Structure formats: C-alpha cells, structure tokens
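# Summary of structural features
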Amino acid sequence: MSIDLSKAGKGNYVSRRPFWVQLIWFFIEATVIDNRLIPSSAVRIFLLRLFGATIGEGCLCPHAIRVKYPWNLKIGDRVWIGDGVWIYNQDQITIGSDVCISQKTFLTCGSHEYKTNMDLKVAPIVIGDGAWISSMCVVQMGVTIGCDALVTPLSVVHRSLDANGIFSGNPCKRIGDRFPLGQD
C-alpha cells in the first residue's frame, strides 16, 4: 500500500513570516550564512538577529551554516556552532548557554505522517545549558537534550536525553556520565 504524495499537506506547520520575508532570507542564507568565503561570526549573527533570531553574547559561528527560519531560533550565551551545521527549524529550536554543536550536525523540527497521508508534522527542539552535540549527529523533532549531556559523533537522537549523560549510537543510548556525580 502506497501513499499518494500529491495529497500531502502542511500538517501542523505554521509559517510565521510572509512569503516575501522567507524569500529574502533564502537569498541571504545562500549568499552569506552558508558561504565559506565569509569567515565572520559577527556578520552571521547580525543577519540572524535582523531576521528574528534571539542570540546571546559571545556566540561563535565563523563557518558556513544553514538556518531554515531564523525567527524560530533562540540561542543562549557563549554557544559554538561548527562548520556545516544545518538548523532545519520549521518549529522553535532553543539552544541554552555554553552549548557546542559540532560540525555537520543536523537539527530538524520536522518529519511526516508516514502511515497515513505524509502531512508535515513539526515539534520543537530544546538543548540544555552546557550540552555538547558532537560531529555529524542528527537531532530529531520533539527532543529535549538535558543540561551537560554529551552526544558522541554520528549519533541519532530521536528521544529526549537526560542531563549529564554521555549518549551514543543509532538509536542513541546512554553509555555513562559526563561529569562525576556530585561535582560542582
């Protein structure tokens, strides 16, 4: 049994900006934000803020990144975003302070109703303070990653993760504590 993709709809996705704003952002993202020839956090952060992102102090994203909708992005202080990170935020993504998101990680707030009509469904992602999402990970919709959690390279996060854990694999599983318990 297959699904007629021509009948798929936008599901619970809500566009929070008019089409013309999205179109202007598309060109800015393609020419500046995702441009390896512009090695400047200040330029990227300025443009992300201009289009509605909330970004704290001391954040670094000197490399090319992708951000689908900056108005759905909230970032705390002292966050590092690595080369090739793709923030596909059809819903809100909230990143706490002192978070590191390493190169080529993919954060996505969307998927599809795969058993019924392939309608788009979206849910927010929350990444707690002090978390480290290491290289080439995938973080899926509706996930909360606890404070100080560490996700090892190439992991797929499809369920929420506890604070202070080390998580690895596909599916992502807890393999230990990041910091000794009781450490201040």
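Heads up: these notes are all about the structure in this document. (Residues numbered from 1 in each chain as written. Predicted model: local features only at pLDDT ≥ 70, side-chain atom pairs only at ≥ 80, totals over all residues. Heavy atoms only, no water.)

Right, let's talk about the overall build of the chain for a bit. Looking only at helices and strands, the chain features 2 helices and 18 strands. Projected onto its principal axes, the C-alpha positions of the chain cover 55 × 45 × 25 Å. Here the chain, with 184 residues, has 44% of them falling under the buried criterion. Taking the intrachain contacts of the chain between residues at least 6 apart in sequence as the baseline, contacts between residues at least 24 apart amount to 28%. On the chain, roughly 9,900 Å² of surface is accessible, and the fraction owed to carbon and sulfur atoms is 60%. Charge-centre separation for the chain: the mean point of 18 positive side chains lies 6 Å from the mean point of 15 negative side chains. (Helix = DSSP H or I, 4+ residues; strand = E, 2+ residues; numbered from the N terminus. Buried < 20%, exposed > 50% of the residue type's maximum accessible area, 1.4 Å probe, protein only. Contact = heavy atoms within 4.5 Å. Areas by Shrake-Rupley, 256 points an atom, 1.4 Å probe, with all protein chains shown as cover. Lys, Arg positive; Asp, Glu negative; His and termini not counted. Charge placed at Lys NZ, Arg CZ, Asp CG, Glu CD.)

Attention now moves to the environment of Gln103. Mapped onto the elements, Gln103 comes out in the loop between strand E7 (100-101) and strand E8 (106-108). Sequence-distant contacts of Gln103, that is, excluding residues within four places in its chain, are made with Gly82, Asp83, Val85, Ser135 and Met136.

To continue, consider a nonpolar patch on the surface. Together, Phe19, Leu23, Phe26 and Phe27 give the surface a local cluster of nonpolar side chains, amounting to about 460 Å² of exposed area. One can find Leu23 in helix H1 (residues 19-33). (Patch = residues over 30% accessible without salt bridge, like charges linked within 9 Å, V, L, I, M, F, W, Y side chains within 5 Å. Salt bridge = Lys/Arg side-chain N within 4 Å of Asp/Glu carboxyl O.)

What follows is about the packing of H1 against helix H2 (residues 41-50). Following both chains from N to C, one finds H1 and H2 inclined at 170°, their axes separated by 11 Å at the closest point. Taken together, the axes of H1 and H2 are roughly antiparallel relative to one another. Seen from H1, the contacting residues are Trp25, Ile28, Val32 and Ile33; seen from H2, they are Val43, Arg44, Leu47 and Leu48. Among the residues forming the contact of H1 with H2, the class breakdown is 7 nonpolar, no polar and 1 charged. (Axes fitted to C-alpha atoms, helices over the stretch in contact; angles between N-to-C directions. Parallel < 35°, antiparallel > 145°, perpendicular 65-115°, else oblique. Nonpolar A, V, L, I, M, F, W, Y, C, P; charged D, E, K, R; others polar.)

Right, let's talk about the layout of surface pockets for a bit. Here the largest pocket defines a volume of roughly 230 Å³. Lining the largest pocket we find 13 residues, and of these Gln22, Trp25, Phe26, Glu29 and Lys68 sit closest to its centre. Broken down by secondary-structure element, the contributors of at least two residues to the lining of the largest pocket are H1 and strand E5 (86-88). For the lining of the largest pocket, the per-class residue count stands at 8 nonpolar, 1 polar and 4 charged. (1 Å grid on protein atoms, 1.4 Å probe; cavity = no way out; pocket = protein on both sides within 12 Å on 5 of 7 lines; lining within 4 Å. Points joined across faces, edges and corners; volume = space filled by probe spheres on them.)

Let's shift gears to the side chain of Gln22. Position of Gln22 among the secondary structure elements: in helix H1. In terms of polar contacts, Gln22 uses its side chain to reach the backbone carbonyl oxygen of Arg17, at 2.8 Å. For Gln22, the residues in contact, after removing those within four places along its chain, are Tyr13, Ser15, Arg17, Tyr69 and Trp71. (Polar contact = N/O pair within 3.5 Å; in protein donor to acceptor, adjacent residues only side chain to side chain.)

A sheet is described by the order of its strands in space; here 5 strands give the open sequence E1-E3-E6-E11-E14, paired in parallel fashion. Looking at which strands have only one partner, the edges of the open sheet turn out to be strand E1 (54-55) and strand E14 (144-145). Pairing geometry for strand E6 (residues 93-95) and strand E11 (residues 125-127), over 3 bridges, is parallel. Bridge assignment links Ile95 to a residue of E11, and that residue is Ile127. (Pairing = 2+ DSSP bridges.)

Our next topic: empty space enclosed by the protein. Across all of its chains, the model carries 1 cavity of 30 Å³ or more by this definition. When its volume is computed, the largest cavity comes out at roughly 50 Å³. Lining the largest cavity, in full, are Ile45, Leu48, Ile55, Cys59, Leu60, Cys61, Ile65, Val67, Leu73, Ile75, Val79 and Ile81. Class assignment for the residues of the lining of the largest cavity results in 12 nonpolar, no polar and no charged.

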